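Chains, contacts and geometry: an overview
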Amino acid sequence: SDVYKRQNNGGHSFFVPIRLTEENSFRRLDNRIEIIYWLIYGVLIFIILFNVYLYWITNDKVNLYYFLYVFFATITLFAYDGYMYFFNPPVFFEKIKWIMPSLYIVFLLSFTQSFTSYNKKLKRFRKLLNPVKVIAVVAVVFYSFRYPFSLVADIGISLLILASLIMIIIISALAYKKEYSPSVFLLFAYLAIFLGFLILMLKEQNLLSSNFLVENSSKFGQTIESVSYTHLTLPTKRIV
């Protein structure tokens, strides 16, 4: 039998991997994958609520920035996986969903600046992150333009996430102290999320073949980063 599939990318670049699978096999595999997905989302939701609680009892903006960073990261992954549409979101969400990765960048950088705020040696490097936050917000505007101008946001924000993670890894490396566990965990956490996002971007550009680990590398990286950071939050420690 013939199979027809129509995709409209709205002027944005993406690839759609297609596999033909026997129905029962697909259902069994899909059910196992869904369990893994919701375990991951369960961990991320717990970490979000945990940091809301920490901010409530400590009033420490480090926990506020981290909660917002993981929140927008989770919403971005949630929308990327298509789950958002199960909740029948209002029409305007389709227009504002593009700002989620941008806010993810803003609060990730704000968290890093706040977490390392007591290290005076890194003050100059922390200031370099401020223009990146401004660019991340401004770049979203280009999503409202037609192709090829929309590529400024479509490709630019992805590259900006990679650039932000590279800058953060450099800062974490400069603050690295083998005998000081928070600096070790922070560097490991950022390397994990950077590697996961890099693999996903290579897949999106069709440079890596699609499989379960590649397709979900960003989720795994985010989860590893979040769990690693959670080790540092009782009590909250910073790189000094």
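We now turn to the structure provided with this report. (Residues numbered from 1 in each chain as written. Predicted model: local features only at pLDDT ≥ 70, side-chain atom pairs only at ≥ 80, totals over all residues. Heavy atoms only, no water.)

1. With respect to the overall build of the protein
- The number of helices and strands found in the protein is 11 helices and 0 strands.
- Each helix (α) and strand (β) of the protein, taken in turn from the N terminus, gives the series α-α-α-α-α-α-α-α-α-α-α.
- Counting every position in the protein, which comprises 240 residues, the buried fraction comes to 42%.
- When contacts within the protein are restricted to residue pairs at least 6 apart in sequence, those whose partners lie at least 24 apart make up 72%.
- A total of about 14300 Å² of accessible surface is found on the protein, and carbon and sulfur atoms cover 67% of it. (Helix = DSSP H or I, 4+ residues; strand = E, 2+ residues; numbered from the N terminus. Buried < 20%, exposed > 50% of the residue type's maximum accessible area, 1.4 Å probe, protein only. Contact = heavy atoms within 4.5 Å. Areas by Shrake-Rupley, 256 points an atom, 1.4 Å probe, with all protein chains shown as cover.)

2. Quick look at the packing of aromatic side chains
- Applying the stated criterion across every chain yields a total of 15 aromatic pairs.
- With a centroid separation of 6.3 Å and 50° between ring planes, the pair formed by Y53 and W56 is classed as tilted. Here the residue Y53 and the residue W56 both occupy positions in helix α1 (residues 23-58), the gap between them amounting to 3 residues, near one helical turn.
- The class of W56 is exposed, set by a relative accessible area of 69%. (Phe/Tyr/Trp six-rings, centres within 6.5 Å; stacked < 30°, edge-to-face > 60°.)

3. Re the side chain of S172
- Note that S172 resides in helix α8 (residues 156-174).
- Classification of S172 as buried rests on a relative accessible area of 1%.
- Once you skip the residues sitting within four places of it in the chain, S172 turns out to touch L186, L187 and Y190.

4. Digging into the environment of S164
- As for its position among the elements, S164 is in helix α8.
- Among the residues examined, S164 registers a relative accessible area of 1% and is labelled buried.
- Sequence separation between S164 and I105 is 59 residues; the distance between their C-alpha atoms is 7.3 Å.
- Residue contacts for S164: discarding those within four places in its chain leaves I105, L109 and V132.

5. Concerning the nonpolar core
- Ranked by size, the top nonpolar core spans 54 residues in total, and within it Y69, Y104, I105, F111, I157 and Y190 carry the most contacts.
- The set of elements that each furnish at least two residues to this core consists of α1, α2 (61-80), α4 (99-115), α6 (129-139), α8 and α9 (181-204).
- Of all the elements, α2 adds the most residues to this core, at 10 residues. (Core = buried A, V, L, I, M, F, W, Y, C linked by side-chain atoms within 4.5 Å.)

6. What about the environment of S117?
- For S117, the location among the structural elements is in the loop between α4 and α5 (123-127).
- A relative accessible area of 31% means that S117 is categorised as partly exposed.
- For the pair S117 and V62, spaced 55 residues apart in sequence, the C-alpha to C-alpha distance is 9.8 Å.

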